[in-house]
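Secondary and tertiary structure notes
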Amino acid sequence: MKQTSPLFRKKTVDQILKDAHSGDEGGLAKVLGVRDLVSLGIAAIVGAGIFSTIGLASYNGGPAVSLLFVFTAVACVFTALSYAQFASTVPVSGSAYTYAYVAFGELFAWIIGWALILEYAVSNMVVAISWSEYFVSMLKGFGITLPGWLTMNQETAHDAFVKLQTAGLAELSTYERFAAHAYETAPMIGGFHILLNLPAGLVTLLITALVYIGIRESRTASNIMVVLKIGVVLVVILAGAFYVKPENWSPFAPNGVKGVLSGVAAVFFAFIGFDSISTTAEECKNPQRDMPKAMIYCLVICTILYVLITLVLTGMVNYKELKVSDPLAFVFQKNGLDFMAGVISVSSVIAITSALLVYQLGQPRIWMTMSRDGLLWKRFAKIHPKYQTPSFATIVTGFVVGIPALFFKMDFFVDLTSVGTFFAFILVCAGVLYLDHKGISERSKFKVPYLNGKYLVGLLFVIAVAGLALYGQSVIAEWDKLSFLEIIEHKLLTIIFWITWGTLSVLSFRHNFSALPVAGILTNLYLMTELGSTNWLIFVIWLAIGLVIYFSYGFRKSKLA
């Protein structure tokens, strides 16, 4: 019998279920139903994306960004179906990490777990910093102005101060003047200016405390905030519809496909929340029945809301005016509805808080699962005897998110959130193909609908290649201008995309693969090609650090070792 490499040792579904229920510290509290799961999903999806990044995406792509939300949602539907099948097969916390352990073995599971730690931590830093901006703006609306050095990071303030010295006051925007003044008036220690984003740090501390106390309290807070958030979004859609000018929708895609696709990172960031539902599997009353339903409901509801919001925003004002951090409040202000703008500013603070809550809920549960498998230190698996939450992992998460949020710029984190997520999504879709191939799908309570891809995947590949050859002259001409190193730097993922599609065409023909998980792999990989190379460099460095930890600790301490 062929010996499996220790790096690719796999856990069976029965092993994972046994480990999940054999902890010394007691189990997690099973309190979540479908409504709670949908609420948590909406809390994560309708967060900073709809209140902030949607403006920049609309500025770059025009009204056609509404179609990008549909395209991204389709990619997520394929992925959500795959997540749902895994969640019904392996109803355990750990999300894609646990699923990879079953399908691909320990090394891939570690890589995905490590990528998810980055995704959740970075997402929460972005959300915390975004929350701070809205909170400071809301306080100004009430006549309360916090000292500038307590509301921004060192780099932003220093850059504004340097620009003031070189370009003069007239060249600075209102915010840059505020930032430069904050730098000048900041207290100093040993010649170093002390600046920190205190609201971002404090809100992370408060949310961490809530998550630590318990899943029931977190669920209740989330449900209340989601009801309020959906109410505000519906009011924006219904009230804004009366101020829509159809001429603002023309041209529909002013910057072409390239302009629309430039918003991929911002738009996809809005959707990654449904992944967090799967981290709460052990706290569900009936995960095998409820999780698949919750994931699909979330995506359908949120896609409709995002498309309608985008059409209303781009209909109320010209897309060129939407390069603002608070687009929903801005469009009402622009139309003279200051009261509505004020309501939206206040409610957006609450809305973003709920997203912060869900992400802060998800990350400790991934650490807990990895620790339970022996890949991280035992303390991460500790369950609080009273609160029934992963206590130590929750505290560490608070520090990991809160400290960088105090001192770093949001720009540094935004695109990086999507890299690890795409990576995880692709492996989850590929994992379903493995479950089908090995017959493990027989025990799944929910299955991805089967659409035979034997001929379909290859046929679509041939049509796509033929279309590129006939109509892709501009693309080919662009490649001709690049050197070999530039192709490697900027087009490597595009090359990998076409190679993957060709390979999946052959494998689908040989093994009768289901077309829907294959579509999930390809759409996620295509969206990946639109991300910048810098994000990939940081992601590779993060993975390298993770592999050092794995080989120095997890490989030896793994329960399967």
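All figures in this text were calculated on a predicted structure; none of them were measured in a lab.

Considerations on the overall build of the protein
- If you tally the helices and strands in the protein, you get 24 helices and two strands.
- Counting the 561 residues in the protein, one finds 56% classified as buried.
- For the protein, long-range pairs separated by at least 24 residues make up 84% of all intrachain contacts whose partners lie at least 6 apart in sequence.
- Counting only carbon and sulfur atoms, one obtains 67% of the accessible surface of the protein, whose full area is about 23,700 Å².

Let's talk about unusual backbone geometry
- Residues Ser250 and Pro251 are joined by a peptide bond in cis, for which omega reads 0°.
- Within the fold, Pro251 resides in the loop between α10 (215–241) and α11 (256–261).
- For Asn512, which is not glycine, the phi dihedral falls at a positive 55°.
- Position of Asn512 relative to the elements: it lies in the loop between α22 (484–511) and α23 (515–528).
- A residue is classified by how much of its surface remains accessible, and Asn512, at 33% relative accessible area, is partly exposed.

Looking at the packing of aromatic side chains
- What the rule picks out here adds up to 21 aromatic pairs.
- We note Lys454 situated over the ring of Tyr455; from NZ or CZ to the ring centre the distance is 5.9 Å.
- Directly above the ring of Phe509 sits Lys454, whose terminal nitrogen or CZ lies 4.5 Å from the centroid.

A short note on a nonpolar patch on the surface
- Taken together, Ile395, Phe399, Ile403, Phe407 and Phe408 make up a surface patch of nonpolar side chains, about 500 Å² in accessible area.
- Here Ile395 is to be found in helix α17 (residues 391–407).

Brief notes about the side chain of Ser39
- Looking at the secondary structure, you find Ser39 in helix α2 (residues 34–45).
- According to the relative accessible area criterion, Ser39 is buried, its value standing at 7%.
- Ignoring anything within four residues of it in the chain, the contact list for Ser39 reads Ser222, Asn223 and Val226.

Some details on the pattern of salt bridges
- A full pass over the atoms with the stated rule returns one salt bridge.
- Across the pair Arg9 and Glu106 runs a salt bridge whose closest N-O atoms are separated by 2.8 Å. Of the two residues, Arg9 is situated in the segment before α1 (13–20) and Glu106 in helix α6 (residues 106–141); the sequence distance between them amounts to 97 residues.

Things to note about the packing of helix α15 (residues 327–334) against helix α16 (residues 338–372)
- Running from N to C, α15 and α16 cross one another at 170°; their axes reach a closest spacing of 7 Å. When the axes of α15 and α16 are compared, the pair comes out roughly antiparallel. Taken together, the residues of α16 that come into contact with α15 (itself represented by Leu328, Ala329, Phe332 and Gln333) are Asp338, Met340, Ala341, Ile344 and Ser345.
- Tallied by class, the residues present in the contact of α15 with α16 amount to six nonpolar, two polar and one charged.

Parameters at a glance
Residues numbered from 1 in each chain as written. Predicted model: local features only at pLDDT ≥ 70, side-chain atom pairs only at ≥ 80, totals over all residues. Heavy atoms only, no water. Helix = DSSP H or I, 4+ residues; strand = E, 2+ residues; numbered from the N terminus. Buried < 20%, exposed > 50% of the residue type's maximum accessible area, 1.4 Å probe, protein only. Contact = heavy atoms within 4.5 Å. Areas by Shrake-Rupley, 256 points an atom, 1.4 Å probe, with all protein chains shown as cover. Phe/Tyr/Trp six-rings, centres within 6.5 Å; stacked < 30°, edge-to-face > 60°. Lys NZ or Arg CZ within 6 Å of the ring centre and 35° of its normal. Patch = residues over 30% accessible without salt bridge, like charges linked within 9 Å, V, L, I, M, F, W, Y side chains within 5 Å. Salt bridge = Lys/Arg side-chain N within 4 Å of Asp/Glu carboxyl O. Axes fitted to C-alpha atoms, helices over the stretch in contact; angles between N-to-C directions. Parallel < 35°, antiparallel > 145°, perpendicular 65-115°, else oblique. Nonpolar A, V, L, I, M, F, W, Y, C, P; charged D, E, K, R; others polar.

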